Amino acid sequence: MKKMEDKILAEGEILSGGVLKVGSFLNQQIDTVFMKEIGEEIASLYKDDEITKILTIEASGIPIAVSAGFAMNLPVVYAKKNKSSNISGDVYSTVVQSFTHGNKNNVIVNKEFISPDDRILIVDDFLAHGSALTGLIEIVEMAGATVVGCVAAIEKGFQMGGDRLREKGYRIESLAIIEEMDDTEIVFREQ
């Protein structure tokens, strides 16, 4: 998505350690007009795939997933990073490593929200090493549901997570793939 690449170049900030800060439009402050365009782009990518639900992980994936949900007229389920008092009953659970935050989270989804009949589209903000998407794929497979595909707003291609998931046979779509990034420059992968 050329607009995503342009937005990254105009508003993104490269931080040390291979971190791309996009807080002005994607993570902390949400550009709602742009988010609507993201949802419509995701809907166009998967328009013929008979998806029944969208799955994401809290927190930064939620606005993207909801935008896609609106565009596709689908419910959105999100994995929580902690079991809270308002979650009762059986849950699907897996551990996800966050490289940005340097910790592991036990992510959970209540079993009532994913069934074996579901055809799931997984959506997240970033795809780097692939830990979050892998964890969400595990949850869908625990439920006996079908992973139709995965979408990342931004993929860090140089960290290889997307390529590893593609090699395993998963359909991975990214709105922008960063092939190289250093302190001064971002190079996008041709798509």
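Just above sits the structure.
Residues numbered from 1 in each chain as written. Predicted model: local features only at pLDDT ≥ 70, side-chain atom pairs only at ≥ 80, totals over all residues. Heavy atoms only, no water.

**Some remarks on the overall build of the protein**
Within the protein, the regular secondary structure consists of five helices and ten strands. Taking 191 residues into account, the globule formula puts the C-alpha radius of gyration at 16 Å, and the protein, at 16 Å, falls close to it. Dimensions of the protein along its principal axes, counting C-alpha atoms only, are 50 × 35 × 35 Å. In the protein, which comprises 191 residues, the share counted as buried stands at 48%. (Helix = DSSP H or I, 4+ residues; strand = E, 2+ residues; numbered from the N terminus. Rg over C-alpha atoms; globule rule 2.2 N^0.38 Å. Buried < 20%, exposed > 50% of the residue type's maximum accessible area, 1.4 Å probe, protein only.)

**A look at unusual backbone geometry**
In most cases, non-glycine residues show a negative phi, while peptide bonds are predominantly trans. The omega torsion of the bond from E58 to A59 falls at 5°, within 30 degrees of zero and hence cis. With respect to the secondary-structure elements, A59 resides in the loop between strand 3 (53-57) and helix 3 (61-72). A positive phi angle, close to 70°, is found at M160, a residue other than glycine.

**Considerations on the side chain of T94**
Locating T94 in the fold gives a position in strand 5 (residues 91-98). Looking at T94, its side chain comes within polar contact range of the side chain of E138, at 2.4 Å. For T94, the contacting residues outside a window of four places in its chain are N105, N106, V107, G135, E138, I139 and M142. (Polar contact = N/O pair within 3.5 Å; in protein donor to acceptor, adjacent residues only side chain to side chain. Contact = heavy atoms within 4.5 Å.)

**Looking at helix 3**
Each turn of an α-helix holds 3.6 residues, which means side chains three or four residues apart point in the same direction. For helix 3, with twelve residues, the first-to-last C-alpha span of 16 Å sits near the 16 Å given by 1.5 Å per residue. Buried within helix 3 are the following residues: G61, I64, A65, S67, A68, G69 and M72. On its buried face, helix 3 sits against helix 2 (32-45), strand 3, strand 4 (76-79), strand 7 (119-127) and strand 8 (146-156). Remark: N73 follows helix 3 within two positions and exhibits a positive phi of approximately 55°. (Expected span 1.5 Å × (residues − 1).)

**With respect to the side chain of T56**
Tracing the backbone through its elements, the reader meets T56 in strand 3. What makes T56 buried here is its relative accessible area of 0%. Sequence-distant contacts of T56, that is, excluding residues within four places in its chain, are made with G61, I62, A65, V76, V77, Y78, A79, V123, D124 and L136.

**Re the packing of helix 1 (residues 2-11) against helix 2**
Close contact between helix 1 and helix 2 brings their axes to 11 Å; oriented N to C, the two are set at 145°. Seen from above, helix 1 lies across helix 2 with left-handed handedness. Contacts between helix 1 and helix 2 involve K3, M4 and K7 on the former and, on the latter, F34, E37 and I38. Partitioning the contact of helix 1 with helix 2 into residue classes produces three nonpolar, no polar and three charged. (Axes fitted to C-alpha atoms, helices over the stretch in contact; angles between N-to-C directions. Left-handed = near helix turned anticlockwise from the far one by under 90°. Nonpolar A, V, L, I, M, F, W, Y, C, P; charged D, E, K, R; others polar.)

**Quick word on helix 2**
Its 14 residues place the ends of helix 2 20 Å apart at the C-alpha level, agreeing with the 20 Å of an ideal helix rising 1.5 Å per residue. Burial in helix 2 covers these residues: F34, M35, I38, G39, I42 and A43. Tucked into the core, helix 2 has its buried residues touching helix 1, helix 3, strand 7, strand 8 and strand 9 (172-181). For helix 2, the capping residue at the N-terminal end is D31, with a side-chain oxygen 3.3 Å from the backbone nitrogen of V33.

**Quick look at the pairing of strand 5**
Residues Y92, T94, V96 and S98 line the buried face of strand 5, whereas the alternating positions V91, S93, V95 and Q97 sit on a face that is not buried. Sheet analysis places strand 5 next to strand 6 (residues 103-110), joined by eight bridges and oriented antiparallel. Note that in strand 6 the partner of S98 across the bridge is N103. (Pairing = 2+ DSSP bridges.)

**Remarks on the pairing of strand 4**
The side-chain alternation of strand 4 yields one buried face, formed by V77 and A79, and one unburied face, formed by V76 and Y78. The pairing of strand 3 with strand 4 spans four bridges and is parallel. Directly across from L55, in strand 4, lies its bridge partner V77. Read from strand 3 through helix 3 to strand 4, the crossover connection turns out right-handed. (Right-handed = clockwise from strand over helix to strand, strands pointing away.)

The analysis is restricted to geometry; functional conclusions fall outside its scope.
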